[in-house]
Amino acid sequence: VTEIALAVILLSGAGLLTRSFAALQNAALGFQPSNVLVIRASVPAPALEANRFFGEALARIAAIPGVMAVGATMAPPGHVESSGGYFIDRMPAQPDWNSAPHVLLNIVSAGTFGALGIPLRSGRDFTDGDTSDRPLVVVVNQALVRNEFAGGNPLGRTIFCPFDSFQGMTIVGVVGDVRQRGPGQEPMPECYMPYRQHQYNQNTLSFVVRTASDPAAFMQTLRIVLRERSADVPVTFTTMD
């Protein structure tokens, strides 16, 4: 009787584990991981030189035959590098960041949403014209829109989500939600900021390269292209899968 009881418990646990695994496998991630190569690069130079490196490297990678889209991000899906609080339209003179709503903060280049398959729901994507001498702009996700705008139109509103500055940023676009912490957790509000307007994580970004075929076949070509641009920049390769 004891052995049968233990066997039933083990079978029940195995069944629950299998069902949980199947649910995670079928969870909507909010992006398309197949055929995406991730190249993490750290530039040992001031921010201006780092921006120049990433800008030139993005252009060179985009010109490689078989590359469908390319972008760069501080925190690819599955990673969280920075978070904080935010305020809409105005920031109090003495903000209480402990009670402010929570938001994830990310730095991306133009083309990142397309390379990852994150849908643009309204407004516009970033462009290479979103530079430090232009008004600060931001793209937010649908989770933030649901929390703050009750599904209304956030475009043109101002959000304060300090990262390297306390200045307000104009919301110019809304993108779909991504499960930033993995398939087992719901999407969180997120602010995406253009890399040309901000400092970022120790001059480190990850290129995300969508390819027409097996991304592993592009590793050597991409390694050569990046080494030609700067042999001093260490890079590591993996795939989004």
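Bear in mind that the values here come from a model prediction, so they are computed numbers and not experimental data. (Residues numbered from 1 in each chain as written. Predicted model: local features only at pLDDT ≥ 70, side-chain atom pairs only at ≥ 80, totals over all residues. Heavy atoms only, no water.)

1. As for the overall build of the protein chain
Broken down by element type, the protein chain carries five helices and twelve strands. Here the protein chain, with 241 residues, has 43% of them falling under the buried criterion. Taking the contacts inside the protein chain whose residues are at least 6 apart along the sequence as the reference set, 79% of them involve residues at least 24 apart. Within the structure as shown, the protein chain displays about 12,200 Å² of accessible surface, and the carbon and sulfur contribution to it stands at 54%. Distance between charge centres in the protein chain, computed from 17 positive and 19 negative side chains, equals 2 Å. (Helix = DSSP H or I, 4+ residues; strand = E, 2+ residues; numbered from the N terminus. Buried < 20%, exposed > 50% of the residue type's maximum accessible area, 1.4 Å probe, protein only. Contact = heavy atoms within 4.5 Å. Areas by Shrake-Rupley, 256 points an atom, 1.4 Å probe, with all protein chains shown as cover. Lys, Arg positive; Asp, Glu negative; His and termini not counted. Charge placed at Lys NZ, Arg CZ, Asp CG, Glu CD.)

2. Comments concerning helix 5 (residues 219-229)
Listed in full, the buried residues belonging to helix 5 are Leu222, Val225, Leu226 and Arg229. Each buried residue of helix 5 lies within a common arc of 90° when the element is viewed along its axis, so the set occupies one face. (Arc of directions from axis to C-beta.)

3. Overview of the side chain of Ser206
Take Ser206: it is sitting in strand 11 (residues 204-211). We classify Ser206 as buried; its relative accessible area is 2%. Not counting residues up to four positions away in its chain, the partners in contact with Ser206 are Val38, Ile39, Arg40, Gly71, Ala72, Thr73 and Pro76.

4. Regarding the packing of helix 2 (residues 47-62) against helix 5
Remark: helix 2 packs on helix 5, axes separated minimally by 10 Å, with the N-to-C direction vectors making an angle of 140°. Considering the relative orientation of helix 2 and helix 5, their crossing is right-handed. Seen from helix 2, the contacting residues are Glu49, Arg52, Phe53, Glu56, Ala57, Arg60 and Ile61; seen from helix 5, they are Leu222, Val225, Leu226, Glu228 and Arg229. (Axes fitted to C-alpha atoms, helices over the stretch in contact; angles between N-to-C directions. Left-handed = near helix turned anticlockwise from the far one by under 90°.)

5. Details of unusual backbone geometry
Look at Asn35: it is not a glycine, yet its phi comes out positive at around 60°. Along the polypeptide, Asn35 turns up in the loop between helix 1 (2-25) and strand 1 (36-42). One non-glycine residue, Asp89, lies in the positive phi region at around 75°. Look at Asp89 and you get partly exposed, because its relative accessible area is 39%.

6. Remarks on the nonpolar core
Core analysis: the biggest nonpolar cluster contains 44 residues, and Phe53, Phe54, Val140, Ile159, Cys191 and Phe207 have the highest contact counts within it. Considering each element in turn, this core owes the most residues, six residues, to helix 2. Judged by nonpolar contacts, the second largest core, of 17 residues, contains Val139, Val178, Val208 and Met240. (Core = buried A, V, L, I, M, F, W, Y, C linked by side-chain atoms within 4.5 Å.)

7. A closer look at the pairing of strand 7 (residues 137-141)
With five of five residues buried, strand 7 lies mostly within the body of the structure. Sheet analysis places strand 7 next to strand 9 (residues 169-175), joined by five bridges and oriented parallel. Each residue of the ladder has a partner; that of Val138, found in strand 9, is Ile171. (Pairing = 2+ DSSP bridges.)

8. Digging into the packing of aromatic side chains
A full pass over the atoms with the stated rule returns eight aromatic pairs. Here Phe54 and Phe207 contribute two aromatic rings whose centre-to-centre distance is 5.5 Å and whose plane-to-plane angle is 50°, an arrangement assigned as tilted. Pair noted here: Phe54 is in helix 2 and Phe207 is in strand 11, with a separation of 153 residues, a long-range link. In this pair, the class of Phe54 matches that of Phe207, namely buried. (Phe/Tyr/Trp six-rings, centres within 6.5 Å; stacked < 30°, edge-to-face > 60°.)

9. Looking at the confidence of the model for the protein chain
With 95% of its residues at a pLDDT of 70 or more, the protein chain has an overall mean of 90. Scored below 50 in pLDDT, residues 20-26 shows two contacts in the model against residues more than four places distant or in partner chains. (pLDDT = per-residue confidence, 0-100.)

10. So, the environment of Ile64
In this fold, Ile64 is placed in the loop between helix 2 and strand 2 (67-73). Along the chain, Ile64 and Thr211 lie 147 residues apart, while their C-alpha atoms are 9.8 Å from each other. In this view, Ile64 contacts Thr221, Leu222 and Val225; residues no more than four positions away in its chain are not counted.

11. A look at the pattern of salt bridges
Considering all chains together, one arrives at nine salt bridges under this definition. With a closest N to O distance of 3.3 Å, Glu49 and Arg229 form a salt bridge. Remark: Arg229 occurs in helix 5 and Glu49 occurs in helix 2; sequence separation between them is 180 residues. Assessed through its relative accessible area of 27%, Glu49 is described here as partly exposed. Arg124 is paired through a salt bridge with Asp130; the nearest N and O atoms lie 3.0 Å apart. A relative accessible area of 31% places Arg124 in the partly exposed class. Residue class for Asp130 comes out buried when judged on its relative accessible area of 6%. (Salt bridge = Lys/Arg side-chain N within 4 Å of Asp/Glu carboxyl O.)

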